[in-house]
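# Structural overview
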Amino acid sequence: LREKGLTDIKNSKTEQELNDARVRLLGKKGALTEILHSMKDVEPERRKEVGQAVNDARDHLATQIATMKQQIETDLLNKKLAAEKVDVTLPGVRPNTGVQHVINIMRQDLEQFFIGLGYSVIVGPEVESDHYNFEMMNLPKDHPARDMQDTFYVDAEHLLRTQTSPVQARTMEQHDFEKGPLSMVSPGKVYRRDDDDATHSHQFNQLEGLVIDKHVTMADLKGTLELTAKHFFGQDRQTRLRPSFFPFTEPSVEMDVSCFKCNGAGCAVCKYTGWIEVLGAGMVHPNVLENAGVDSSVYGGFAFGIGIDRFAILKYGVTDIRDFYTNDVRFLEQFKTEE
Ligand code: PHE
């Protein structure tokens, strides 16, 4: 019995099996217990001897069971540890992170560039009053040039801003020119009524600049724009100014940069001229200064308007402006920068 018990214990692979073996041997109805119960049948002079043997066997089996139990537990723990083992030397799995939107990347790049030139970055509301968006900008009601910026009206007096110029009107009004010049850029979203297609969009992003001081000249404007173009499009780019018209500047200009990705004049994106228009600018119209309470006989300055989407299209060769706001991650992820 003792031998058979030992084999039973050794063959137990789980705690359950071991427990079953224990009950079979030492339990209330177990084999050894039964022998102990039947001691009365043993001849009195052998009782002591038999009792001793049975007790020995019981103790031995009990110890074996305890040892076996421990071993099963250790095995179980080791198996668990092996299964949960982590190789800390393996490279980690990186969570998939999003990307900065290409328009934001460029907006920040331009902001940093102008901060470097000493400008402040100032933002304003997207829902504007007719007063700040148009009238302060020398575009009275019924002015034909309002057609250049077909407008979403919210009510008779309010609209979705068509340009970020109203931020500049608001800032000029507040600025104390006795204390120093004003140089600012105002970036942000603007809206114009348009039928969306690959080259037209009802919303886009501008970054307009304004510098007002005594003795600001057109040469200052030209130098600033040239620096900007070279920073953005590359040092090898050439620039030229062409006369143009805006109601808020006089004189007004448009700037072209020399064509890229194609040599000389042979390129469709440059309409085969060798140049591509990138922005509008000019010397701030005296009416705009006076509207904001600035004495135009003492102060003057320049303004320019950059279309951020347009810059992105030209820099990256984007063929459909709608890609900027339909948020297809396959488009957006192209502008992922390695951290
Ligand atoms: N606000 C003008 C526009 O949206 C851009 C511009 C700004 C032109 C400043 C000249 C000077 O068309």
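Residues numbered from 1 in each chain as written. Predicted model: local features only at pLDDT ≥ 70, side-chain atom pairs only at ≥ 80, totals over all residues. Heavy atoms only, no water.

What follows deals with the pattern of salt bridges. Counted under the stated rule, the structure contains 15 salt bridges. When the shortest N-O distance is used, the salt bridge between arginine 170 and glutamate 128 registers 2.7 Å. Taken together, the positions of arginine 170 in helix H7 (residues 165–174) and glutamate 128 in strand S2 (residues 127–129) put the pair 42 residues apart, joining distant regions of the chain. Here glutamate 128 falls in the buried class, since its relative accessible area comes to 1%. Where arginine 330 meets aspartate 328, a salt bridge forms, and the shortest distance between an N and an O atom there is 2.7 Å. Take aspartate 328: its relative accessible area is 29%, and that puts it in the partly exposed class. (Salt bridge = Lys/Arg side-chain N within 4 Å of Asp/Glu carboxyl O. Helix = DSSP H or I, 4+ residues; strand = E, 2+ residues; numbered from the N terminus. Buried < 20%, exposed > 50% of the residue type's maximum accessible area, 1.4 Å probe, protein only.)

Here we come to unusual backbone geometry. In this structure, proline 251 follows glutamate 250 across a cis peptide bond, with omega equal to -5 degrees. Counting through the fold element by element, proline 251 comes out in strand S7 (residues 249–258). With phi around 55 degrees, asparagine 327 is a residue other than glycine that occupies positive phi space. Looking at the secondary structure, you find asparagine 327 in the loop between helix H11 (323–326) and helix H12 (329–332).

This part takes up helix H2 (residues 15–26). The first and last C-alpha atoms of H2 sit 16 Å apart over 12 residues, in line with the 16 Å expected at 1.5 Å per residue. The secondary structure elements touched by the buried residues of H2 are helix H1 (2–11), helix H3 (31–37) and helix H4 (44–83). (Expected span 1.5 Å × (residues − 1). Contact = heavy atoms within 4.5 Å.)

Counting residues in each nonpolar core, the largest one holds 37 residues, and the members touching the most others are Val278 and Phe304. Elements that contribute at least two residues to this core include exactly helix H5 (102–116), strand S5 (203–213), helix H8 (218–233), S7, strand S8 (275–284), strand S9 (300–307), helix H10 (308–316) and H12. Residues within four places of phenylalanine 304 in sequence aside, it is in contact with Phe114, Tyr119, Val185, Leu207, Glu208, Gly209, Leu221, Thr224, Leu225, Gly280 and Ala281. Counting residues in each nonpolar core, the second largest holds 24 residues, with Phe134, Met136, Phe246 and Tyr299 among its members. (Core = buried A, V, L, I, M, F, W, Y, C linked by side-chain atoms within 4.5 Å.)

On to the pairing of strand S4 (residues 182–191). By the criterion of burial, S4 is predominantly enclosed, with 8 of the 10 residues buried. As paired strands, strand S1 (residues 120–121) and S4 are joined by 2 bridges and run parallel to one another. If you follow valine 121 over to S4, its bridge partner there is valine 185. As paired strands, S4 and S5 are joined by 10 bridges and run antiparallel to one another. Note on S5: the bridge partner recorded for proline 187 is leucine 207. (Pairing = 2+ DSSP bridges.)

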